[in-house]
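Listed below, chain by chain, are the residues.
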Amino acid sequence: VEDRVGVGVLAGVEGAVAVGVLGVHRPVVVPVEVPGDGEMVLAPDVPGYKRFVFRPVPGGELSYAKAEYRSVRGLIRSGWKLDGAALALEVTIPANTTATVHVPAAEGSKVTEGGKPAEKAAGLKFLKHENGYSLFEAGSGTYSFGSVVK
C-alpha cells in the first residue's frame, strides 16, 4: 500500500485515519501518516486537553499509524506499529496533563511498558481490561507499550 499523509475527523475522510472526539467537544483534526484503512482516536476528555484519550484501532491493511497534535498544553503524540500479533505503542503526554491510554491487548495477555510489566511502571495506573483493550491512566511523559493483540 502506498504511504501517504491524510487528515481525518470523526466522520472520516476516505483514505485517511479517522480521528475523533468524545462527548460534545468539537472534532480534532490531526495530521496522520496513513498506509491503509484503520482508525486512531485522540480526543479531549475535558475541554483544553487537560485530560485526553488515546485509542488506537489496528485493522484492515493498517500496520502502523502516527499522529500528533499541538494543544495549548503542549505536544500530544501517538504512534503504533503492528508486527504480526505484536503491537508496539508509544504515547507522549505533555506536562501537567493526564491521559487514558487504551492499549490493544488480547484477554489475559501481559502489557509491558519499557519492557517491564506496565502495572508496575512509574506514572501508570492500570484501570481495567475491556473490549480488547487494557486501559491505563497515565501522567505526563513518554511511554512505550508492548502487547499481543491476537
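Predicted model only: the values in this text are computed from it and were never measured. (Residues numbered from 1 in each chain as written. Predicted model: local features only at pLDDT ≥ 70, side-chain atom pairs only at ≥ 80, totals over all residues. Heavy atoms only, no water.)

Colleague: What is the right way to look at the overall build of the protein in this model?
Modeller: Summing up its helical and strand segments, the protein has 0 helices and 13 strands in all. Moving toward the C terminus, one meets the helices and strands of the protein in the order β-β-β-β-β-β-β-β-β-β-β-β-β. A separation of at least 24 residues holds for 50% of the contacts in the protein among residues at least 6 apart in sequence. (Helix = DSSP H or I, 4+ residues; strand = E, 2+ residues; numbered from the N terminus. Contact = heavy atoms within 4.5 Å.)

Colleague: How should I be thinking about the pattern of salt bridges in this particular structure?
Modeller: Side-chain pairing between opposite charges can occur once the charged atoms of the two side chains come close. Tallied over the entire structure, the rule returns 2 salt bridges. The shortest N-O distance in the salt bridge between Glu 68 and Arg 77 comes to 3.2 Å. Residue class for Arg 77 comes out partly exposed when judged on its relative accessible area of 36%. Note that Glu 130 is salt-bridged to Lys 128, the shortest N-O span being 3.2 Å. Note on Glu 130: relative accessible area 32%, which makes it partly exposed. (Salt bridge = Lys/Arg side-chain N within 4 Å of Asp/Glu carboxyl O. Buried < 20%, exposed > 50% of the residue type's maximum accessible area, 1.4 Å probe, protein only.)

Colleague: What is the right way to read the side chain of Arg 51 from this model?
Modeller: Along the chain, Arg 51 turns up in strand β4 (residues 51–57). A distance of 3.0 Å separates a polar atom in the side chain of Arg 51 from a polar atom in the side chain of Thr 98. Side chain to side chain, Arg 51 and Thr 100 meet in a polar contact 2.7 Å long. (Polar contact = N/O pair within 3.5 Å; in protein donor to acceptor, adjacent residues only side chain to side chain.)

Colleague: Even after reading the chapter, I still don't get the nonpolar core, so can you show me in this structure?
Modeller: If you look at the biggest cluster of nonpolar residues, it comprises 24 residues, and the most contacted ones within it are Phe 54, Leu 89, Val 91, Ile 93, Val 101, Leu 124 and Phe 145. Contributing elements (two or more residues each) for this core: β4, β6 (74–83), β7 (86–93), β8 (98–104), β12 (133–138) and β13 (141–148). In terms of residues, this core owes the most to one element, β7, which gives 4 residues. Contact partners of Ile 93, with chain neighbours within four places excluded, come to Phe 52, Phe 54, Thr 98, Ala 99, Ala 138, Gly 139, Ser 140, Gly 141 and Tyr 143. (Core = buried A, V, L, I, M, F, W, Y, C linked by side-chain atoms within 4.5 Å.)

Colleague: Whenever I open this one, the pairing of strand β11 (residues 124–130) confuses me. Can you help?
Modeller: Two faces, one strand: in a regular strand the side chains alternate between the faces of the sheet. By the bridge criterion, 6 bridges tie β11 to β12 in an arrangement that is antiparallel. Paired with Leu 124 across the strands is Ala 138, a residue of β12. As consecutive antiparallel partners, β11 and β12 are separated by 2 residues, and within that stretch Asn 131 has a phi angle of approximately 50°, a positive value. (Pairing = 2+ DSSP bridges.)

Colleague: Is there a simple way to think about the side chain of Thr 92 in this case?
Modeller: Mapped onto the elements of the fold, Thr 92 is located in strand β7. Judged by relative accessible area, which is 17%, Thr 92 ranks as buried. Of note is the side chain of Thr 92, whose polar atom sits 3.2 Å from the side chain of Thr 142. For Thr 92, the residues in contact, after removing those within four places along its chain, are Phe 54, Leu 75, Ile 76, Arg 77, Gly 141 and Thr 142.

Colleague: Where do I start with the packing of aromatic side chains in this structure?
Modeller: Two measures describe an aromatic ring pair: the distance that separates the ring centres and the angle between the ring planes. As enumerated under the stated definition, the model contains 4 aromatic pairs in all. Relative to Phe 54, the ring of Phe 52 lies with its centre 5.3 Å away and its plane at 80°, an arrangement referred to as edge-to-face. No difference in accessibility class separates Phe 52 from Phe 54, as the two residues are buried. Taken together through their ring pairs, the aromatic side chains of Phe 126, Phe 136, Tyr 143 and Phe 145 make up a single cluster. (Phe/Tyr/Trp six-rings, centres within 6.5 Å; stacked < 30°, edge-to-face > 60°.)

Colleague: Just to check I follow, could you spell out the pairing of β4 for this structure?
Modeller: Burial of β4 is extensive: 5 of the 7 residues sit out of reach of the surface. Pairing of β4 with β8, which is carried by 4 bridges, proceeds in the parallel orientation. Directly across from Val 53, in β8, lies its bridge partner Thr 100.

Structural measurements only, silent on function.
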